[in-house]
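# Overview (structure and organization)
One-letter residues, chain by chain:
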Amino acid sequence: MFGDVSDTQQKMLSIDIQPGWKAGTKITFEREGDENPGRIPADIIFHVREKPHEHFRRCGNNLIYEAKITLKQALLGCEMAVPTIDGVTLPLKLPGIIKPCSHHRIPGYGMPLTRSPQQRGDLLVCFKIIFPAELPVECLEAVKHFPDE
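Below is a summary of the structure that appears in this document. Quick caveat, the model's predicted, so the values are computed rather than measured. (Residues numbered from 1 in each chain as written. Predicted model: local features only at pLDDT ≥ 70, side-chain atom pairs only at ≥ 80, totals over all residues. Heavy atoms only, no water.)

Helix and strand counts for the protein chain stand at two helices and 10 strands. From first element to last, N terminus to C terminus, the protein chain shows the α and β order β-β-β-β-α-β-β-β-β-β-β-α. Expected size for 149 residues packed as a compact globule is a radius of gyration near 15 Å; at 26 Å, the protein chain overshoots this value by more than 25%. Relative to its 149 residues, the protein chain shows a buried fraction of 25%. Pairs at least 24 residues apart make up 44% of the contacts formed inside the protein chain by residues separated by at least 6 positions. A total accessible area of about 12,100 Å² is found for the protein chain, and carbon and sulfur atoms account for 53% of it. Once the 18 positive and 19 negative side-chain charges of the protein chain are each reduced to a mean point, those two points are 4 Å apart. (Helix = DSSP H or I, 4+ residues; strand = E, 2+ residues; numbered from the N terminus. Rg over C-alpha atoms; globule rule 2.2 N^0.38 Å. Buried < 20%, exposed > 50% of the residue type's maximum accessible area, 1.4 Å probe, protein only. Contact = heavy atoms within 4.5 Å. Areas by Shrake-Rupley, 256 points an atom, 1.4 Å probe, with all protein chains shown as cover. Lys, Arg positive; Asp, Glu negative; His and termini not counted. Charge placed at Lys NZ, Arg CZ, Asp CG, Glu CD.)

This brings us to the pairing of strand S10 (residues 123-130). Two elements, strand S4 (residues 62-70) and S10, share eight bridges in a ladder whose sense is parallel. What sits directly across from Glu66, in S10, is Cys126. Alignment of strand S7 (residues 103-106) against S10, held across four bridges, turns out to be antiparallel. Considered in S10, the bridge of His103 is made with Cys126. (Pairing = 2+ DSSP bridges.)

Moving on: the sheet that holds strand S3 (residues 56-59). Taken together, four strands build an open sheet; the order of strands is S3-S4-S10-S7 and the sheet is mixed. Looking at the sheet topology across the chains shown, the edges are occupied by S3 and S7. Direction aside, the axes of adjacent strands within the sheet are offset by 30° on average. Sheet analysis places S3 next to S4, joined by four bridges and oriented antiparallel. Across the sheet, the residue bridging to Arg57 is Ile64, located in S4. (Axes fitted to C-alpha atoms, helices over the stretch in contact; angles between N-to-C directions.)

So, about the side chain of Asp122. By secondary structure assignment, the location of Asp122 is in the loop between strand S9 (116-120) and S10. In contact with Asp122, not counting residues within four places along its chain, are Asn61, Asn62, Leu63, Arg105, Ile106, Pro107, Gly108, Tyr109 and Gly110.

Take the environment of Phe146 next. Mapping Phe146 onto the fold places it in the segment after helix H2 (137-143). According to the relative accessible area criterion, Phe146 is partly exposed, its value standing at 44%. In the structure, Phe146 is positioned 57 residues away from Thr89 in sequence and 36 Å away in space, judged by C-alpha atoms.

Moving on: the pattern of salt bridges. Counted under the stated rule, the structure contains five salt bridges. The salt bridge partner of Lys11 is Glu32, with a shortest N-O separation of 2.9 Å. Note that Lys11 is positioned in the segment before strand S1 (26-29) and Glu32 in the loop between S1 and strand S2 (44-47), a separation of 21 residues in sequence. The shortest N-O distance in the salt bridge between Lys144 and Glu141 comes to 3.1 Å. Classification of Glu141 by relative accessible area gives partly exposed; the value is 37%. (Salt bridge = Lys/Arg side-chain N within 4 Å of Asp/Glu carboxyl O.)

The next subject is the state of the cysteines. In the structure shown here, the tally under the stated rule is zero disulfides. With no disulfide partner, Cys78 has as its closest neighbouring cysteine sulfur the one in Cys126, 14 Å distant. Classification of Cys78 by relative accessible area gives buried; the value is 9%. The thiol of Cys101 is unpaired, and the distance to the nearest cysteine sulfur, on Cys126, comes to 8.7 Å. Residue classification places Cys101 among the exposed positions, given a relative accessible area of 76%. (Disulfide = S-S within 2.5 Å.)

What is shown is where atoms sit, not what they do.
So this is what it looks like as structure tokens:
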């Protein structure tokens, strides 16, 4: 008798990653796994993982960008350039006081929606206020006259 015969074959499987796919999305190639005599070939299943981005975090279809601003900018308002996932830079003008943990929503600059790629989530610009290590005495005196709220 010949025993088990093993024949190794290679097959290239291609995955067309769609914009907006979320972590955990499964791609299944039915019956493309190992074949053994008398057995149905197994399925090959791939799970999508998200690669961390240097500027953005994903929250559903929205993207979160953390903008670092100074205490002066937070108190007086500021203008800044906000990057997008597409490489475009958007101008953002923030008049007045920017509160800690506040955010500004820019509609349509988040991730593409899986079932409708022409639509997108939002870009949320979250503000992280960088406090100075020290303040001059005249600034400290001015702060003493701020209203208690």
